[in-house]
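Listed below, chain by chain, are the residues.
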Amino acid sequence: MPLIGYARVSTEDQTPLPQSEALQSAGCVEIFEEHASGGNRARPVLARVLERISKGDTLVVVRIDRLARSLSHLLEVIERLEAKGAFFRSLQDPIDTSSPQGKFTLQVLGAAAEFERALIRERTKAGLASARAKGRVGGNPGLRTKDPAALRKVRLARQDGYMERLNETAQDWVPHVRRLRPDMAWEDVLRIINAPLPHDRHWTQSRLLRAVKAYVRDGFLPAEVLGRAGRRETEDRLPAIVAAIKGADPEITLQAICDRLESMRERTPRGRTSWQPSSVRMLLERAEKLGLL
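Residues numbered from 1 in each chain as written. Predicted model: local features only at pLDDT ≥ 70, side-chain atom pairs only at ≥ 80, totals over all residues. Heavy atoms only, no water.

Notes on the sheet that holds strand β1 (residues 3–9)
In a beta sheet, neighbouring strands pair by backbone hydrogen bonds and run either parallel or antiparallel. Taken in spatial order, the 5 strands make up an open sheet running β2-β1-β3-β4-β5, and their pairing is mixed. In this open sheet, the two edge strands, each paired with only one partner strand, are β2 (30–35) and β5 (95–96). Where strand β4 (residues 87–90) and β5 come together, 2 bridges link them in antiparallel fashion. Each residue of the ladder has a partner; that of S90, found in β5, is I95. Contacting β1, β2 and β3 (58–61), helix α1 (residues 17–25) crosses the sheet at an angle of about 165 degrees to β1. (Pairing = 2+ DSSP bridges. Helix = DSSP H or I, 4+ residues; strand = E, 2+ residues; numbered from the N terminus. Contact = heavy atoms within 4.5 Å. Axes fitted to C-alpha atoms, helices over the stretch in contact; angles between N-to-C directions.)

Structure below.
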């Protein structure tokens, strides 16, 4: 099983060299280094690692906090790895999802996270009940009286919260939208985005459009991505999809592209459901002739 190392430090003044040396000693065949805050989930190097990692690979870090600062983020990353048939290992923590003991530790962590969420819910309910018993009504007084300033403040707060949640998933969809729109129809862009993601993180078209419009409004994406897609010849559609997958990961193998197309339930040029590397190679050659690569 190939071991893929990931080393992270928070600032440019720090060096990931000690982590990289430990990962190399552990047998990692590739090591990716990143300078980024652990609280920032939208890390481009980590996103690239999670996109490239394949079945049977193991993502290795020196310590858990090098990968994630929160339990929810850690479990999210491990779920993405498991969806690809890959594993996770921390050198200094008792987590190795390729072993029964590591899986058990992960289950304990998951149960602890759910228990913590349940406690928060119960404390919130108890606080509201206590306030009602004392004659106090929960909530913002300005909202109860429909004060315009209070309503605007809440609206802005909700908008900020929505943007924060979008930023956590930006690596999943922004690069694809930036590359593929408006040349490709939203239906095909959506399928390309969802193909590598676990089912519980799949996007719907309406949700994706709302996210894109929010990013265009704030200047994170150009307005052109919302333009109407031009009509594409039927025989050019498959080369365009294959070119899009290849463009997202230039190092992806022909077999990996086959797996991606099958997960998208895309049929071969002859209408079959099982893809072969030779068919993908043919489509890549056509895409190159069309100027799509």
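A look at the confidence of the model for the chain
Low-pLDDT portions of the prediction should not be read for the details of their coordinates. Model confidence for the chain is summarised by a mean pLDDT of 82, while 87% of its residues fall at 70 or above. Here helix α5 (residues 141–144) stands out as the element of the chain with the lowest mean pLDDT, 59, in contrast to β3, whose mean of 94 is the highest. (pLDDT = per-residue confidence, 0-100.)

So, α1
Because an α-helix packs 3.6 residues into every turn, residues spaced three or four apart end up facing the same way. Residues of α1 that are buried: Q19, S20 and L23. Summarising the axial view, the buried residues of α1 lie within an arc of 100 degrees, below the 170-degree limit, and thus occupy one face. Facing away from the buried side of α1 by over 90 degrees, the exposed positions are P18, Q24 and S25. Where α1 is buried, its residues contact β1, β2 and β3. Residue G27 follows α1 closely and has a positive phi angle near 100 degrees. (Buried < 20%, exposed > 50% of the residue type's maximum accessible area, 1.4 Å probe, protein only. Arc of directions from axis to C-beta.)

Points about unusual backbone geometry
Of note, the amide linkage connecting R181 to P182 takes the cis form, showing an omega dihedral of 0 degrees. Positive phi, close to 60 degrees, is recorded for R265, a residue that is not glycine. Looking at where R265 falls in the secondary structure, it is placed in the loop between α10 (254–263) and α11 (277–289). Overall, R265 belongs to the exposed group, its relative accessible area being 76%.

Here's the deal with empty space enclosed by the protein
Leftover empty space is mapped by rolling, across the atoms, a probe with the size of a water molecule. Scanning the model with the defined rule gives 1 cavity of 30 Å³ or more in all. Within this model, the largest cavity holds a volume of roughly 70 Å³. R41, R43, L46, A47, L50, H73, E76, V77, R80 and Q171 together form the lining of the largest cavity. When residues of the lining of the largest cavity are traced back to their parent elements, those giving at least two are α2 (44–52) and α3 (71–83). A total of 4 residues in the lining of the largest cavity trace back to one element, the largest contributor, which is α3. (1 Å grid on protein atoms, 1.4 Å probe; cavity = no way out; pocket = protein on both sides within 12 Å on 5 of 7 lines; lining within 4 Å. Points joined across faces, edges and corners; volume = space filled by probe spheres on them.)

What about the nonpolar core?
Of all hydrophobic cores here, the largest spans 40 residues; its most connected members are L166, W173, V177, W203, L208, V212 and L221. Where this core is concerned, the elements lending two or more residues are α6 (148–180), α7 (186–194), α8 (205–217), α9 (234–248), α10 and α11. With 8 residues, α6 is the single largest residue contributor to this core. Within the second largest apolar cluster, 20 residues are counted, among which are F32, L74, I78 and L81. (Core = buried A, V, L, I, M, F, W, Y, C linked by side-chain atoms within 4.5 Å.)

Thoughts on the pairing of β4
On a regular strand, one side chain projects to one face of the sheet and the next to the other, so that they alternate. What you see with β4 is a clean split: F88 and S90 sit on the buried side and F87 and R89 on the side with no burial. Sheet topology places β3 next to β4; 4 bridges connect them, and they run parallel. The residue of β4 that forms the bridge with T58 is F87. This β-α-β element, β3 to α3 to β4, shows right-handed connectivity. Between the end of β4 and the start of β5, which pair antiparallel, lie 4 residues. (Right-handed = clockwise from strand over helix to strand, strands pointing away.)

A few points about the packing of aromatic side chains
All told, the structure shown has 3 aromatic pairs when counted by the stated rule. Relative to W203, the ring of W173 lies with its centre 5.6 Å away and its plane at 55 degrees, an arrangement referred to as tilted. Of the two residues, W173 sits in helix α6 while W203 sits in the loop between α7 and α8, which places them 30 residues apart along the sequence. Judged by relative accessible area, which is 0%, W173 ranks as buried. Assessed through its relative accessible area of 4%, W203 is described here as buried. A network of ring pairs unites the aromatic residues W173, W203, Y215 and F220 as a single cluster. (Phe/Tyr/Trp six-rings, centres within 6.5 Å; stacked < 30°, edge-to-face > 60°.)

What to know about the UniProt feature "active site" (unreviewed entry) in the chain
According to UniProt, the feature "active site" (unreviewed entry) maps to S10 in the numbering used here. Looking at the secondary structure, you find S10 in the loop between β1 and α1. Beyond its immediate chain neighbours, meaning those up to four positions away, S10 contacts A36, S37 and R69. There is a polar contact of 3.4 Å between the side chain of S10 and the side chain of R8. (UniProt positions renumbered as here; feature names shortened; annotations may be inferred. Polar contact = N/O pair within 3.5 Å; in protein donor to acceptor, adjacent residues only side chain to side chain.)

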